[in-house]
Every structure is written in structure tokens, then in C-alpha cells.
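# Observations on the model geometry
Here is how the chains run, residue by residue.
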Amino acid sequence: MAEHGSDEPSSRTGSPDGEGRVSADRPLLHQRLAVRELIDTELSYLHMLRLCASDIRSRLQQLPQGDLDVLFSNIDDVIQVNSRFLHDLQETASREEEQVQLIGNLFLEFQEELERVYKVYCASYDQALLLVETYRKEPELQREVQSIIEAVVPQAGPSGLSFLLVIPLQRITKYPLLLQKILENTAPDASAYPVLQRAVSALQDVNTNINEYKRRKEVASKYTKVEQLTLQLGTWAWAYCSPLSQRGYSQLLQMSLSSQTEDKEFDDLEERFHWVSLCVTEMKNNVAVYRDNLEAFLRFRPQEYDLDIPGGPVVQYCSLMRDLQLQAFPQFKQRLEGLVWQPLCSLAKALAGPQNLIKKRLDKLLDFERVEEKLLEVGSVTYEEQEARHTFQALNSLLVAELPQLNQLAVRWLGQILCTFVGLQRDLAQQALQMAEGSLAQLPHYHLSEPAFRKLVEDTLGQTGHQLRSFQENFEKVLPPPTTQPLLPGAERQVQALLSRYGPEKLYQVTSNVSGAGTLDLTLLRGQIVALLQNKDTKGNSSRWLVDTGGHRGYVPAGKLELYRVIPSQEEVKGQEWPHKDSRHLTPEPTPAPVPSVPAVTQAVAVYPFVARSSHEVSLQAGQLVTVLEAQDKKGNPEWSLVEVNEQRGYVPSSFLARAPGPAPWGWSLPS
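Looking at an unreviewed UniProt entry, one finds the protein named Rho guanine nucleotide exchange factor 37, with Ursus maritimus as its source organism. The record held by UniProt for the protein lists under Function (unreviewed entry) the comment "May act as a guanine nucleotide exchange factor (GEF)."

Below you can see the structure in the form of C-alpha cells.
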């Protein structure tokens, strides 16, 4: 006991060797405590994340799914990364001598993954807080949310959702501090020291990059919301009214005199994005036309009408069309809407935000170049100029970072839509063939051998070709009308004005209706006369021509224009005035011309459409069957014929009619 008592003071006061050992062991003890704090807090943090993702999120079903997606963001990805990180962190405890160095290497290994998941969560944190504030304005909803959180996480207290949402932000910012604490208690000559230094620097860079990403998102969010820009347009208009002309002149002058900042990487990305957007727009327009044609096709139901063809294949055809109209086509239309049209519209809508960002970047580029030039000359700029400079840099960095992924995703999305569209067509064809099998078995040529069927087809085609040649011979006997369509009285003066202003060599006629899709595109009717101003657009595209209608100027497809030739008979009539509105004459009395008249037959076919210009005339559609009552007018002029169509009588140009061919055999016939 005495010996033990004598040794005790020595241990407390300490000998010089004992004090050295204690001072040497103290940093090691603090280092182990810091490591233990890192692992324990990581375990507690991951437990809290799982409570948020499972218990709390599942109980907040009274909130819309969109709100839950904003509140909890990508918390599942954060849990997945931190779960693997914690597992590897706990594994380092089995190698105590190398544990500190292993921890440093572990942070370096997870650096990119931590930055990837946490920057997404942090970028949506402010929007989540806005939702929390809206809940607080609804007392009943706030009480429900608060009771759920207090039941699962009592330590959340009155803060409720705010307490839980901020936890990931606090954790990612605490990693450098925990590592710094371990580093401070590690000997500088230890092998783990440089590894820990790199780990601390890496986690600081992670936080810096997250803050920069968050700032870019905040800048970009101001320009991606089209609604917000629309609401602010009225306020901006007043502020820009007075300096607009001066500012616009300065920008144009700068663009013409100084070269813009060259960014090959961004230019390539922008060009690819432009082509992707163009492909999406073109496909959307094509699918829209396809849907319209499908609607028109479904409205046409010949099986419901009496075709006046007794028996034979017509019965099977009507039965098959009835089945297709009731089953196959409605199913195809429904699948087309859900699997092609709606995803295509969503893709086009998703590209609107990046398009706004690209436009805004171009606007900010001018300010950026001006500020950079001022920095070189003066060496300092104002706060507003510095903000404009930072805004451009944020927009440019965000676009360069995210446009590659967006382009790749959009191309993949568009490819899937195309494959789906092709698959729908294939399924429709297979379904139609399956439904047609029963009808095909009832056709008279179903049991024919292949050689006999080939002979049947050849004979039928030969017979049809003979009918076509006969119709062509009858058609050639009728003098075809001029290529230009008859002009309405109201258009005569407009054509004369264009002719006197531009000359006959510049006049063109629209061959089919044109529906303008762009802001500078014109909408024209078939037969309208225009004057050619330029045979290409501003980008050098020769398929879009700039024309003048006499009142508007714009672009039309070149393929829908043909040269307008003024025929001699029109030049002779050009000097004559059209009848007054109160005049009841049929038409101006034409001069006799050697135009062959249509024989006085019972039936004729309208070769060209004709629009009635008075109550004495009747309108025709191309291919319409008419009854010729008289092959001349009351004065004996053979250029006009009195016809009856749709129980209406009136005069039409004789040159617009052709003899109707005689009745032809219908359907298939067995070889004798």
C-alpha cells in the first residue's frame, strides 16, 4: 500500500518522461475522438435522412406529388451515396493504424459523387422553403404537417419542415470542418497528413462548386420562366422606351465594329441544340398534319353509303372497313395521342427554357464585352457592370455544362418517339391484316394459284390501262384552259397594280393554299397573284421566296409558285371594266374565239375548279360530275355552257369541262 501510495503522486505530478508521453498521446487521442465524431454523426445523419424519405414523406400524402418532389428533391440519391460512404467509413475501423489515411482517400474517392447529388439538392432548397412558407399561411394544413413531423422527429420542434430540409446542407458544409479537425491532430510528418490536406481542399472545392451551381441556377431561373417574363414586360417597356433607340444603335455599332467573344465550345453546342430543336419542331408539325389527315380519314365512311355495286368484293370491303372504323383505328388514334403526340409536345415545351437562356446569353454578351473592354482601359467597373459581367459568366457556364447532356437527352427522347411511331404503324398494319383474313377468304380469287392470280392481275391492269388511255384521248380533245385560274373582280385591280409596278416577268401565281407558320410567312389562297422580290430568304435558303401581295410582304414556299402568264384574251379584256354591283348581266360578252365547245351530252366532268362570280354562274370542284343542259349561252357563244350540278343551274366555261367516260367494269373478275 505504501509503495502504491508513493507512486500515485508521481503519476499525477508526472516525471519528465511521463509528461512527454502524455503530451504526445494527447493529439492522437483528439484525432481518434474526431474520427469517432465523424463516424457517429454520419450514422445519425443517415438515420435522419431515411426518416425523411420513408416515414415523413409517406405520411404527407395530403400534399400534391409535385410539392413532395420539390420538398425532398433527390434525397433518395443522397441516401444512396451516403449509405455507401458510411459503409466504407465504418470499414476503416478494422485498420486502426491506417484509418486516418483511409478516411482521407475515401473522401477523395467520393468527391465527385457528393458534389453531384448535393448540388441538385441545394439548388432546389430555396424553392422548398417557399413552399414551406405557403403552408404556414394555411393554419389547418400547417398543423397537420407539424403533427406528423413531431410524431416522427420530436427534436424538430416548431421549425418542423425547415429543420429537416436544412440537414443535408449543414452536413455537406460540415465535412471540411470535421476533416480539418482530424488534420490538426495529425503530425505533419505522418504519411496521412498530405492525404488529409488534399481531402480538406477537395471538400472545400465541393462546397464552392455547389454554391456556384446554385448561383447559376438562380440567375437562369429568371429567364427560363416565360410567364414571369411576360408579366414583367409592361414594366420593362416603360423603362426601355426612351433609351431604346440609343441602346439599340450602340449594340448594332458594337456588333459591326468589334468582334464578339469567340467561344468555339458554346457555338458548337448551340448549333447542335438549334438542329435538335428544329427536328423536334418539324416532327411536331408533321405529326400534327398526320393527326388532321387521320381525323379526315375517319370522318370518311364509304361503307355507310350505297355504292350501287351489287354483291362481290364490295360486301367484304364494307364489312372490313366497318370493323376497322370501330376497333383498329380508334385504338391507333388513342395510342398515337398518348405515346407520340403528348411526349412530343412535352419535349418541345422542355426546350423552350434553354432557348430563352441562349437568347438571354446573347443579350448579355454585348454588356459583357463592353465591361471587359472598360476593365482593360480603366481597370475598374461599377457594381451594376460587375453584376452584368457575373450574369453572363453564370449563364455561359451553365449552358456549357448542361447543353451537352440536354442535347443527348433530347436526341434520345426524339429517337424513342420515332421508334414508337413506327411501332404503332406496324401494329396497325398487323391488326388490319388479321382482321382482313376472314374477308379475304370470301373473295373469289382467294383460292387461285399464284400463276393464275398473276394473270388475273395483269389482265385487270391491262383493262384499267385501256380505260385510262381512252379517258386521256377524250380529255385531249378538249382545249385545256390557261394555267392561270380565273380572277375574282376584286383581284383584277390588285393584279394590274402589281403588273404596272413590277412587270409581267415578276408575277407568280399560288398553285395551292399556303398556311404561314412563322412570323414572316404569308397565308395565301390558291390562284392568288404575287410579285417576286427575292428568290431566297435572309439565310440564303432558295426554297423560301420573298413576295409582295400588293398589301403585305413575306415569305412563301417556292414550290407553291408558278410564273403567271397573261394570255392574250385576258390582255384584251383587261381594259374593260367589270360590271357594277347592281348589274345583273351574266358575264362580259366575250369576243368569239375558235374554242371547241363541249358537245351536248348528258354528263361531263369538271377538269378544273371554278368559282361563280354572279348569280348566273355556278361553282364547280375538280372531278365533279355535272349535267350539260346547253353547250352554249343564250347568244350562241360556245365558250359558256349551261350545266346543272347539285340541283343548281348556271353557266361555266366550256373549256373547264371534259366528256365523261363511259361506264367501266367494277371489281375483280375471274378469268374464263
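### Quick word on the pattern of salt bridges
Applying the stated rule across the entire model yields 22 salt bridges. Between Asp 40 and Arg 36 there is a salt bridge, with its nearest N and O atoms 3.2 Å apart. Linking Asp 40 with Arg 36, this pair stays in helix H2 (residues 16–59), spanning four residues, or about one helical turn. Judged by its relative accessible area of 43%, Arg 36 falls in the partly exposed class. For Arg 649, the salt bridge identified is with Glu 644, shortest N-O distance 3.8 Å. By sharing partners, the salt bridges in this structure join Arg 84, Glu 113 and Arg 116 into a single network.

### A word on the layout of surface pockets
Put simply, the largest pocket is a space of about 1,400 Å³. Around the largest pocket sit 34 residues that line it, and His 274, Leu 278, Thr 281, Lys 539 and Arg 544 are the ones nearest its centre. Put simply, the parts of the chain that give the lining of the largest pocket at least two residues each are helix H14 (264–299), helix H16 (352–377) and strand E4 (553–557). Looking at the lining of the largest pocket, the element that brings in the most residues is H14, giving twelve residues. Looking at the lining of the largest pocket residue by residue, the classes come out as eleven nonpolar, 13 polar and ten charged.

### Considerations on helix H6 (residues 111–123)
Between its terminal C-alpha atoms H6 stretches 18 Å, which fits the 18 Å expected from 13 residues at 1.5 Å a residue. By the burial criterion, the buried members of H6 are Leu 114, Glu 115, Val 117, Tyr 118, Tyr 121 and Cys 122.

### Considerations on H16
Compared with an ideal rise of 1.5 Å per residue, which puts 26 residues at 38 Å, H16 spans 38 Å between its outermost C-alpha atoms and is within 8% of the ideal. Lys 364 marks the point of greatest bend in H16, at about 30°. Residue Gly 379 follows H16 closely and has a positive phi angle near 95°.

### Regarding the environment of Leu 365
Secondary-structure assignment places Leu 365 in helix H16. Taking the C-alpha atoms as reference points, Leu 365 and Gln 393, 28 residues apart in sequence, are found 9.1 Å from one another.

### A short note on the side chain of Glu 115
With respect to the secondary-structure elements, Glu 115 resides in helix H6. No salt bridge forms around the buried Glu 115; measuring N to O, its nearest opposite-charge neighbour Lys 119 is 5.1 Å away. When residues no more than four places from it in sequence are discounted, the contact partners of Glu 115 are Val 206, Asn 209 and Ile 210.

### Here's the deal with unusual backbone geometry
Residue Ser 73 is not a glycine yet carries a positive backbone phi of 45°. With respect to the helices and strands, the residue Ser 73 is situated in the loop between helix H3 (65–72) and helix H4 (75–91). Note on Ser 73: relative accessible area 23%, which makes it partly exposed. Positive phi outside glycine occurs at Asn 646, with the angle close to 55°. Within the element layout of this structure, Asn 646 appears in the loop between strand E8 (640–645) and strand E9 (648–653). For Asn 646, a relative accessible area of 63% puts it in the exposed group.

Conventions used here
Residues numbered from 1 in each chain as written. Predicted model: local features only at pLDDT ≥ 70, side-chain atom pairs only at ≥ 80, totals over all residues. Heavy atoms only, no water. UniProt positions renumbered as here; feature names shortened; annotations may be inferred. Salt bridge = Lys/Arg side-chain N within 4 Å of Asp/Glu carboxyl O. Helix = DSSP H or I, 4+ residues; strand = E, 2+ residues; numbered from the N terminus. Buried < 20%, exposed > 50% of the residue type's maximum accessible area, 1.4 Å probe, protein only. 1 Å grid on protein atoms, 1.4 Å probe; cavity = no way out; pocket = protein on both sides within 12 Å on 5 of 7 lines; lining within 4 Å. Points joined across faces, edges and corners; volume = space filled by probe spheres on them. Nonpolar A, V, L, I, M, F, W, Y, C, P; charged D, E, K, R; others polar. Expected span 1.5 Å × (residues − 1). Bend = angle between axes of the 7 residues up to and from the residue. Lys, Arg positive; Asp, Glu negative; His and termini not counted. Contact = heavy atoms within 4.5 Å.

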